[in-house]
Amino acid sequence: MTLSKRKFGGAAMLRKYGIILVLLVICVAVSFMTDSFLRPSNLQSVARQVSINGALSIGVCFVILTGGIDLSVGSLLALTATTSALMGESGLHWVICILIGIAVGLLVGLLEGVLVARFKIAPFITTLATMTICRGATQVADGGTSVRSPGSGFDNFFGVGSLGPIPMPVLIMVVMFVVAWFVLEKTKFGRHIYAVGGNEKAAHLSGVSPKKVKIIVYIISGLCCAIAGFITCARLSSITPTAGEGAEMDAIAACVLAGVSLDGGKGSVGLVFVGVLIIGVLNNALNLLGVSSYWQDIVKGIVILGAVLLESATAQRSKE
Amino acid sequence: MGECILEVKNITKVFPEAVALSDVSMQFRGGEVHALLGENGAGKSTLIKILCGAYLPTEGQIFMEGQELPKLNVKKAQALGIVAIHQELNLIPGLTVAENVFLGKEKIGVLGMVDKRYTIRKTKELFERFKIDLDPTAVVSNLSVAQQQIVEIGKALQMESKVVILDEPTDVLTDKETVVLFDIIRELKAAGKALIYISHRLDELPEICDTFSVLRDGHYMGSGNIGDCTKADIIRLMIGRDLSEQYPYVPGKPGDVVLNIHDVKRKNFGDKVQLEARSGEVLGLYGLVGSGRTELMKCILGIEKPESGEFILNGSHFEAKSVSKAHKAGIYYLTEDRKKEGIVTNTPVDFNMTLPSLQEIQNGFILSNKKEQKLCSSMVKQLSVKTPSLKYEIQQLSGGNQQKVLIAKALITKPKLLILDEPTRGIDVGTKRDIYQIINELKASGVAVIVISSELPEIMGISDRIVVFHDGVITGEFAHNEATEEAITLCAFGTKKESVAV
């Protein structure tokens, strides 16, 4: 077990970047199996679809990196979007509606963060509770029916509009990923996130405030939910009470595929982007192939398990 | 005296970092309480782990009633009747006493259900036989620590164990509870079991033990009957070695008082503590594990709130609102528990080094890779840290080099008061010397250094001034030249310095 072997071994590279390979393999396979996958219109629609999960995954990634988990993102997506939409119905300008929606996302995030960091309630339980509360609150607010989006300006900005060939939601998601990457890799706060997730006590003795860091990551997740909510709402010009149901699972799956450790402290948001693309391409391919939605879930589950197994196998080997 | 039940012959245990035991031979007889003595790190726990089958010895043999036990493992050891009762108890809090005693040995009755009445009856019988006064149907989480310990002993009895190892059993007990425990130990002795007893409380040994063996630095130093030796004899066996070579001591030039710990008292612990740390001086805090030194230091950082008293930093009142505020005020604490509170695993060396000082490597609010590499490589050079690169994950370094990284991390914050808690724990001799040199250099540059150590030779070898703690109270203060091993050890065991004949 020499040092150089460990550091530069191919297994380590494969473990870290194997997920990119998985994405490429899936893309190549799908493009052989269907004619329509590589068409620009299809690729564009894949990109649009992944933007929602992409936005959510960023928030979830921040939370998981500190050793937490966020189950509430799907419900919070619905709550923020519905609040904005209702504000639009009451005649407010769409920009104000956005700000109010964002405020709701930040507030719920703050609440979750305080419960986790200050009151030491397990993140799983905290966000399980806020998940149901947010879903319920959404239905109380909209009376169980869809609400129209806050207007065409809103729809253009978050949904149908595009900058050159790039649809707005995709642009927003990409900007979010770049900002997230920058924060995690290039700022003091990013370092603190990894430190808290890696060893909370060591971080504390190093002058990091684990409480502060934890509260902020839930707030960030709340913000991401709001943006994902706006994209969802703008796409169909309305938001249903069941919007984003189960979305938390796709977001967590994207992080897991990317090798973000659920113990915290380990993972790269850049790879989460790849994880998001894998899930998006898989969804699209199964649709193109005419697989029934029941079977789609089974296939998705198997792919996630397979990718994680592959990762742990390579991790084992690089240890030996 | 009974037959020799358990014997170890020429046991050596080598870890990648250090030799923990070297050619140790001992015999443990039935109907006898055998005290296993030694300083922290002398190799007692390694020997116990070998006896329990948790470690395989590198060399040497273990015999049980004349039979050699090659490749002993935990399961085998338990089946043969070797049971250790550790300080951290292994009970299931939600179950009853009887259910814990018979855990894994339940009698299965009709429909695969556990026969509760059987376990309760059997536990009662067992307890009566050894005169244990405890209700088998009580839920463990409602019991005191002392009672829980007795449940552990009950578990050992249920397994028909022949060798019972008690690892500092009285550490957490009150005097009254200790009396109860000793009565039970006497019953076990009368039943012919071999007992191995580890304790720091030398005073209680004559009361309960028959024989003793001493380990020092992994070497066997001798055995004897407790009745034939005085406490001073035993202490001399436990310590006593040439200090001069391992410790490159240079007298300090004590300057101004940097931190004054003024009558600080912690909640429900010890008494008011008055202590001064001066610049250019190494202040050594000695005491047994659990004497409250670490917690006192954590009070300075604001992690724990003292009940009364205050800290005076450079002449004015100081209260740390957070650890980073303490760092800004020039106080840095380096933990005793490298793994749990020191290193951030899975992150590289440079990440760990700069964590408290990220503002030093910022351009605006962007972290500069260039600045970080420059700072870290100069520290690596200065402390001669052996690492393949700055991007190497810290947990893959040796313990000594991890510690050097953590010291580098401390130095980058430019501390005026540096608190080093067990700075050489689990580190090889060579790196220890490096660390002592670093401490000397810091002292020479005018830093106030506080070293907490449970290794007596270390404290005596590097400190300009030594303060001894016992149960949260200062029992003695010694200048470098005035300190003797015996006097310090007596203070650590609770004797006031004034009554120690130096």
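Rules used throughout
- Residues numbered from 1 in each chain as written.
- Chains lettered and ligands numbered in written order.
- Predicted model: local features only at pLDDT ≥ 70, side-chain atom pairs only at ≥ 80, totals over all residues.
- Heavy atoms only, no water.
- Helix = DSSP H or I, 4+ residues; strand = E, 2+ residues; numbered from the N terminus.
- Rg over C-alpha atoms; globule rule 2.2 N^0.38 Å.
- Buried < 20%, exposed > 50% of the residue type's maximum accessible area, 1.4 Å probe, protein only.
- Contact = heavy atoms within 4.5 Å.
- Areas by Shrake-Rupley, 256 points an atom, 1.4 Å probe, with all protein chains shown as cover.
- Lys, Arg positive; Asp, Glu negative; His and termini not counted.
- Charge placed at Lys NZ, Arg CZ, Asp CG, Glu CD.
- Pairing = 2+ DSSP bridges.
- Axes fitted to C-alpha atoms, helices over the stretch in contact; angles between N-to-C directions.
- Core = buried A, V, L, I, M, F, W, Y, C linked by side-chain atoms within 4.5 Å.
- Salt bridge = Lys/Arg side-chain N within 4 Å of Asp/Glu carboxyl O.
- pLDDT = per-residue confidence, 0-100.

1. So, the overall build of chain B
No. 1: In terms of regular secondary structure, chain B is built from 17 helices and 22 strands.
No. 2: Over its C-alpha trace chain B gives a radius of gyration of 25 Å, about what one expects of a compact globule, namely 23 Å for 502 residues.
No. 3: Reported as C-alpha extents along the three principal axes, the dimensions of chain B are approximately 75 × 60 × 50 Å.
No. 4: Across the 502 residues in chain B, those meeting the buried criterion constitute 53%.
No. 5: Pairs at least 24 residues apart make up 66% of the contacts formed inside chain B by residues separated by at least 6 positions.
No. 6: As presented, chain B carries roughly 22,100 Å² of accessible surface, and 51% of it is formed by carbon and sulfur atoms.
No. 7: The centroid of the 60 positive side-chain charges in chain B is displaced by 6 Å from the centroid of its 66 negative side-chain charges.

2. Side note on the sheet that holds strand S19 (residues 417-421) of chain B
Residues and elements named next belong to chain B.
No. 1: Taking strand neighbours across the sheet as the criterion, the 6 strands line up as S16-S19-S20-S13-S21-S22 in an open arrangement whose pairing is mixed. The open sheet has two free edges, formed respectively by strand S16 (331-334) and strand S22 (473-479), since each of these has just one partner strand. Going across the sheet, the axis of each strand differs from the next one's by a mean of 15 degrees, ignoring polarity.
No. 2: Sheet strands in contact with helix H9 (residues 293-300) are strand S13 (282-286), S16, S19, strand S20 (448-453) and strand S21 (465-470), and its direction is about 145 degrees off that of S20.
No. 3: Running at roughly 170 degrees to S16, helix H14 (residues 399-412) makes contact with S16 and S19 of the sheet.

3. A word on the nonpolar core
No. 1: The biggest cluster of nonpolar side chains holds 88 residues, and the ones touching the most others in it are Leu56, Phe158, Val260 and Val272 of chain A.
No. 2: Discounting residues that sit within four places of it in the chain, Val272 of chain A has contacts with Ser57, Cys61, Phe177, Ala254, Cys255, Ala258 and Val260 of chain A.
No. 3: Membership of the second largest hydrophobic core comes to 57 residues, among which are Ala146, Leu157, Phe182 and Tyr286 of chain B.

4. As for the pattern of salt bridges
No. 1: Across all of its chains, the model carries 25 salt bridges over all chains by this definition.
No. 2: Residues Glu200 of chain A and Lys214 of chain A are paired through a salt bridge, measuring 3.2 Å at the closest nitrogen-oxygen approach. With Glu200 of chain A in helix H10 (residues 200-205) and Lys214 of chain A in helix H11 (residues 210-236), this residue pair connects regions lying 14 residues apart in the sequence.
No. 3: Residues Glu455 of chain B and Lys432 of chain B are paired through a salt bridge, measuring 3.6 Å at the closest nitrogen-oxygen approach. Of this pair, Glu455 of chain B sits in the loop between S20 and helix H16 (456-462) while Lys432 of chain B sits in helix H15 (residues 429-444), and the two are 23 residues apart along the sequence.

5. Focus: the confidence of the model for chain A
No. 1: On average, chain A scores 90 in pLDDT, and the residues at 70 or more come to 93%.
No. 2: Confidence drops under a pLDDT of 50 for residues 1-8 of chain A, and excluding neighbours within four residues, the segment shows 9 contacts in the predicted structure.

6. Concerning the pairing of strand S1 (residues 4-14) of chain B
Consecutive side chains of a regular strand alternate in pointing toward one face of the sheet and then the other.
Residue and element names in this part refer to chain B.
No. 1: Of the pairings in the sheet, the one linking S1 to strand S2 (residues 19-29) comprises 7 bridges and is antiparallel in character. The partner of Cys4 across the bridge, within S2, is Arg29.
No. 2: One ladder, built from 5 bridges, connects S1 with strand S4 (residues 59-64); its direction is antiparallel. Looking across to S4, one finds that Glu7 is bridged to Phe63.

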